[in-house]
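Each chain, written out:
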Amino acid sequence: MKPFAYVRARTVEEATAAHAGRPGARYLAGGTNLVDLMKLGVETPDTLVDITRLPLDTVEELPDGGLRAGATVRNSDLAAHPLVRARYPAVSRALLSGASAQLRNTATTGGNLLQRTRCPYFQDLTKPCGKRAPGSGCGARDGVHRDHAVLGHSARCIATHPSDLAVALAALDADVELAGPDGERSVPAAEFHRLPGDRPERDTVVAPGELVTAVTLPAATAGLPSAYRKARDRASYAFALVSVAAVLDLAADGTVRRLGLAFGGLAHRPWRARRAEEALRGAPPTAAHVSRALAAELDAAEPLRDNAYKVPLAHRLAADVIAGLAGAPRPS
Ligand SMILES: Cc1cc2nc3c(=O)[nH]c(=O)nc-3n(C[C@H](O)[C@H](O)[C@H](O)COP(=O)(O)OP(=O)(O)OC[C@H]3O[C@@H](n4cnc5c(N)ncnc54)[C@H](O)[C@@H]3O)c2cc1C
Ligand code: SF4
């Protein structure tokens, strides 16, 4: 591993100041992704800014009934938090479907959103990869791409984003809070990750030196039936082939007042299914309506040689999740 400087920050200001102006700096949270990439030589930071002692490790209820989870809250703590389990079950289920218990005890909210793709070419220095080495090409497009994107990909990159949490946050209209050299801002979780376009090296809209400080879950989706389902190659320790997060608000007459629907495993970012949501608004969530709405969304898919299976899998998984939510008890 290449030598690097190490700074332990005590405040958000100390952390962003230690990072400022150093393109080779990286924030270190749980280290479960960053340190692995450093061992492989994919990440070669010259400075690590340790953020684990920042006062960002609590989950608090907001005055409006929403919830704010600090960036260094551990994945296992967020999943087990009573308010998360009661009000945003999709978040809890998404976290519990990710990694192993040991990893969840170390991994953090912010680090989970900012983890890098698991595309094997990205992790292999001997292979071309424009995300790791801009302009070097894409080994996966004509190579092994069974796990790769079917929506929103580009000629430059077909990688998927691996975070389960990010998918649940996108469906639930959460926001991501950031602090950086130019102050604080908030970004909708559904717009936090980027499509690759011609800049696949940029996974997110995070500006250089910006620190994720928290995620906020809105009161508007609290307590509504929500769910997360993940299809994967084995029962544990596997990233999603396809995952679905959904929150459903039904009117008194049983029609859909609002559906929040996001897919994981299909794109370079959580894929918020706005066309399907729009198609179902005001309609009863019958199998026929749901199927038509999902087809309207998934018709945009452009599968590659070996991953066309993801399209019907996503359709069936989402239909099942929505049917389950439609039959769930309405919040009082
Ligand atoms: C075997 C294995 C299986 C896994 N399975 C899954 C899975 O199924 N689903 C899933 O979602 N994840 C899975 N993971 C990934 C795991 O959840 C991530 O490694 C973890 O969430 C990253 O969090 P961390 O705190 O350790 O981040 P770190 O490794 O410390 O950081 C990751 C990246 O985020 C940056 N960063 C961290 N915190 C901040 C912040 N607050 N602001 C700005 N930048 C920041 C770092 O600089 C780094 O670039 C798996 C990991 C392993 C090793
Ligand atoms: S899909 Fe993206 S991450 Fe994978 S090799 Fe191609 S450019 Fe790299």
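Cut-off values and rules
Every chain's residues receive numbers from 1 upward, in the order its sequence appears when written. Chains carry letters from A onward and ligands carry numbers from 1 onward, assigned in written order. Owing to the predicted nature of the model, reporting of local features is limited to residues with pLDDT of at least 70; listing and counting of side-chain atom pairs is limited to 80 or more, with chain, interface and lining totals taken over all residues. With hydrogens and water excluded, all non-hydrogen atoms of the structure serve as input to the side-chain values. Segments assigned H or I by DSSP are reported as helices when at least four residues long, segments assigned E as strands when at least two residues long, and all are numbered from the N terminus. By definition in these notes, contact holds between two residues if any of their heavy atoms fall within 4.5 Å. Note that accessible areas follow from Shrake-Rupley with a 1.4 Å probe, and for residues the cover is restricted to the protein chains shown. This count recognises Lys and Arg as positive and Asp and Glu as negative, with His and chain-terminal groups excluded. Throughout, a charge is located at the NZ atom of Lys, the CZ atom of Arg, the CG atom of Asp or the CD atom of Glu. Here, a salt bridge means any Lys or Arg side-chain nitrogen found within 4 Å of an Asp or Glu carboxyl oxygen. One heavy atom within 4 Å of a molecule or strand is enough for the residue carrying it to be called near that molecule or strand. We call two N or O atoms a polar contact when they sit within 3.5 Å, provided that within protein one can donate a hydrogen and the other can accept it, with sequence-adjacent residues counted only if both atoms are side-chain atoms. Residue classes follow a fixed rule: Ala, Val, Leu, Ile, Met, Phe, Trp, Tyr, Cys and Pro count as nonpolar, while Asp, Glu, Lys and Arg count as charged, and any other residue, Gly among them, counts as polar. UniProt positions are given in the numbering used here, feature names are shortened, and annotations may be inferred rather than shown by experiment. We define a nonpolar core as any set of buried Ala, Val, Leu, Ile, Met, Phe, Trp, Tyr and Cys residues linked to one another through side-chain atoms lying within 4.5 Å. Relative accessibility under 20% of the residue-type maximum defines a buried residue, over 50% an exposed one, and the middle range a partly exposed one, all with a 1.4 Å probe and only protein chains included. For two strands to be treated as a pair, DSSP must find no fewer than two bridges joining them. Each axis is a line fitted through C-alpha atoms, taken for helices only over the stretch in contact, and angles between the N-to-C directions span 0 to 180 degrees.

You'll find the chain entered in an unreviewed UniProt entry as FAD-binding molybdopterin dehydrogenase, with Streptomyces fradiae ATCC 10745 = DSM 40063 given as the organism.

Participant: Got a minute to help me understand the overall build of the chain in this structure?
Facilitator: Along the backbone of the chain there are 11 helices and 12 strands. Partitioning the contacts of the chain with sequence separation of at least 6, the portion at a separation of at least 24 is 63%. Taken as a whole, the chain presents about 14400 Å² of accessible surface, with 52% of it coming from carbon and sulfur. Considering the chain, the positive charge centre built from 41 side chains and the negative charge centre built from 35 side chains are found 5 Å apart.

Participant: So what exactly am I meant to see when it comes to the pattern of salt bridges here?
Facilitator: Applying the stated criterion across every chain, the model contains 21 salt bridges. Note that D233 is salt-bridged to R146, the shortest N-O span being 2.9 Å. Of the two residues, D233 is situated in the loop between β9 (226-231) and β10 (242-250) and R146 in the loop between α7 (109-114) and α8 (164-171); the sequence distance between them amounts to 87 residues. Sharing partners across several salt bridges, the network here consists of R26, E43, R116, K131 and D203.

Participant: Help me understand the site of ligand 1, please; the structure alone is not making it clear to me.
Facilitator: What surrounds ligand 1 is a group of 32 residues, the closest being Y27, G31, T32, T108 and D164. Here an oxygen atom of ligand 1 and a backbone polar atom of P162 are 3.5 Å apart. Contact between ligand 1 and V212: a nitrogen atom at 2.8 Å from a main-chain N or O atom of the residue. Notes on ligand 1: free accessible area 980 Å², of which the protein chains cover 91%. When residues of the shell around ligand 1 are traced back to their parent elements, those giving at least two are α7 and β8 (211-217). Broken down by element, the shell around ligand 1 gets its largest block of residues, 4 residues, from α7. Grouping the constituent residues of the shell around ligand 1 by class yields 15 nonpolar, 13 polar and 4 charged.

Participant: Teacher, can you tell me more about the UniProt feature "domain: FAD-binding PCMH-type" (unreviewed entry) in the chain here?
Facilitator: Under the present numbering, the feature "domain: FAD-binding PCMH-type" (unreviewed entry) in UniProt falls on residues 1-222. The span residues 1-222 shows a helical share of 24% and a strand share of 17%, and its end C-alpha atoms are spaced 45 Å apart.

Participant: Would you explain the nonpolar core in this entry?
Facilitator: Generally speaking, soluble globular proteins have nonpolar side chains that are buried together. Counting residues in each nonpolar core, the largest one holds 50 residues, and the members touching the most others are V91 and L169. Of all the secondary structure elements, the ones that give two or more residues to this core are α1 (12-19), β5 (67-70), α3 (75-80), α5 (89-96), α8, β6 (175-180), β8 and β10. With 7 residues, the top contributor of residues to this core is α8. Not counting residues within four places of it along the chain, the set of residues in contact with L169 comprises V91, L113, A174, A189, V215 and L217.

Participant: Can you help me understand the sheet that holds strand β2 (residues 25-28) in this one?
Facilitator: What holds strands together in a sheet is hydrogen bonding between their backbones, with the strands either parallel or antiparallel. Spatially, β1-β3-β2 is the arrangement adopted by the 3 strands of the open sheet, whose pairing is parallel. Each having just a single partner strand, β1 (5-8) and β2 make up the two edges of the open sheet. Neighbour to neighbour, the strand axes of the sheet diverge by 25° on average, direction disregarded. Taken together, the 4 bridges between β2 and strand β3 (residues 47-50) define a ladder with parallel strand orientation. The partner of Y27 across the bridge, within β3, is V49. Across the face of the sheet, α1 comes into contact with β1, β2 and β3 while running at roughly 150° to β2.

Participant: Sorry, what's going on with the site of ligand 2 here?
Facilitator: With respect to spatial proximity, 15 residues lie near ligand 2, and among them C119, C129, C138, C157 and I158 are the closest. Taken together, the residues that form the shell around ligand 2 break down as 10 nonpolar, 3 polar and 2 charged.

Participant: Got a minute to help me understand the pairing of β9 in this structure?
Facilitator: The side chains of a regular strand alternate between the sheet's two faces. Among the 6 residues that make up β9, 5 are buried, leaving the element largely enclosed by the rest of the structure. Bridge count for β9 against β10 is 6 bridges, and the pairing is antiparallel. Across the sheet, the residue bridging to A227 is A246, located in β10.

Participant: Would you mind showing me how to read the side chain of T47 here?
Facilitator: Tracing the chain through its elements places T47 in strand β3. A polar side-chain atom of T47 sits 3.1 Å from a polar atom in the side chain of D46. Once residues lying within four places of it in the same chain are set aside, the contact partners of T47 are F4, A5, V7, R22, G24, A25 and R26.

Participant: I tried to follow the side chain of E210 on my own but got confused; where do I start?
Facilitator: Within the element layout of this structure, E210 appears in the loop between β7 (183-188) and β8. With sequence-adjacent residues up to four places away left out, E210 is seen in contact with Y27, L178, A179, G180, P181, R185 and V205.

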